[in-house]
Each structure stands twice: as structure tokens, then as C-alpha cells.
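# Notes for the structure review
Next come the chains, spelled out residue by residue.
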Amino acid sequence: MNKQLTLFLALGMFFWMIQSCATSSKTASMEKFEYTAAVNSIVQDKCYGCHSADGRSDKAKQALMWDNVPTMTADEQAHILDEIMEVTSERKMPPSRFVESRPEKALTDEEIATFQKWAKDMMAVVEKSK
Ligand code: HEC
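Rules of the game
Residues numbered from 1 in each chain as written. Predicted model: local features only at pLDDT ≥ 70, side-chain atom pairs only at ≥ 80, totals over all residues. Heavy atoms only, no water. Core = buried A, V, L, I, M, F, W, Y, C linked by side-chain atoms within 4.5 Å. Buried < 20%, exposed > 50% of the residue type's maximum accessible area, 1.4 Å probe, protein only. Helix = DSSP H or I, 4+ residues; strand = E, 2+ residues; numbered from the N terminus. Donors = N, O, S within 2.8 Å, 3.2 Å for Na, K, Ca; no water. Tetrahedral: all angles 85-135°; square planar, octahedral: opposite > 155°, others 65-115°.

By the naming in an unreviewed UniProt entry, the protein chain is Haem-binding domain-containing protein, taken from Flavilitoribacter nigricans.

Set out below in C-alpha cells:
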């Protein structure tokens, strides 16, 4: 083998290794149930006031406690993810009576898309862990 070919192959190996490291660390971050920063900030602003320990309605707390979801079983998580996909895409949450007096709390199209993408990604993670 001549020198140039050896160098070419070595460089190729080097970049291939860097590439596969980068890809594996990317998938590793999506292997457990977690809230992304984008989802977290929407939830804090528009959902947490009702669906948290200090929430203002018992019914809302019974239906969903954001802080408890990460430690639920995979079956429970899948169920909650289904509900989240439904209530966000159909604009059922925040409740219309609440949004009437606080229109700034309605979800924007972009926020709905953020919820849908996250819930879909998480559903894949949850299904794999079952
Ligand atoms: C003003 C209080 C309030 C806010 C804000 C709110 N929710 Fe709810 N949520 C409720 C109540 C009350 C229920 C119980 C079901 C019902 O009576 O409609 C509920 C139920 C749910 C459920 C369970 C499905 C169902 O229909 O029972 C999900 C999922 C949900 N909410 C997601 C959200 C998300 C996501 C947000 C933020 C975008 C949000 N909620 C904001 C009050 C609220």
C-alpha cells in the first residue's frame, strides 16, 4: 500500500469514529422519559398552575400531576401521553372557561406542535421500555 492511500484510509476511519460517537450520544439522551426544555417552559407557564401539588383544583391534580409522570410505570406513561396528545391537539387544555378570562394562556400552534413532537418521541421511548 502506498503512503497516500494509508493516510486516506486512516483519515476516513477517524471521521467515521467521530461520526458514530456523535450519533450514539444523541440517541442515548432520548432513552428515558423526560421533559425537554421547550415542553417544560410551556408547562410551567400554561399547565402547572393546575396540574401540580400547589394546583388550584383537585380534579386537575387527580387527572394529571406533571411531577409524578417521570416515575410512573410505562403503561401509565403511555396512557398520559395519549391524553396529552389529545387535549393539546384538540385545544381542550387549558380549559376553555379558564382561557376565556386568560386568553394569553391558550396554546399557540407552535406550542401544540412542540407537545405533539415530544409526546411522539416519548411514546417511542415508553413502548421500548415495556
Ligand atoms: C385552570 C386549570 C387547568 C389548566 C391551566 C390546565 N388544566 Fe388540564 N385539566 C384541568 C382539569 C380540571 C382536568 C380534569 C378533567 C376535566 O374536568 O376536564 C384536567 C385534565 C387534564 C388531562 C387529563 C385528560 C382529561 O381530559 O381528563 C390532561 C392530559 C391535561 N389536563 C393536560 C393539560 C395541559 C397539557 C395543560 C397546559 C397546556 C393543562 N392541562 C392546563 C385543569 C387545567
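Resuming the write-up.
Phe33, Tyr35, Trp66, Leu81, Phe115 and Trp118 are the most contacted members of the largest nonpolar core, which has 24 residues in total. Going through the elements one at a time, helix H2 (37-46), helix H4 (74-89) and helix H6 (109-129) are the ones with two or more residues in this core. Counting residues per element, this core draws most heavily on H6, which supplies eight residues.

A few words on the coordination of the iron atom of the ligand. At this site the iron atom of the ligand is bound by His51 (NE2) and Met93 (SD), with donor distances of 2.0 to 2.3 Å. If you look at the iron atom of the ligand, its six donor atoms make angles of 87 to 178° with each other, and the shape they trace is octahedral. Here the residue histidine 51 occupies a position in the loop between H2 and helix H3 (58-63), and methionine 93 occupies one in the loop between H4 and helix H5 (96-101), the gap between them amounting to 42 residues. Judged by relative accessible area, histidine 51 falls into the buried class, the value being 10%. Taking relative accessible area as the criterion, methionine 93 reaches 34% and is therefore assigned partly exposed.

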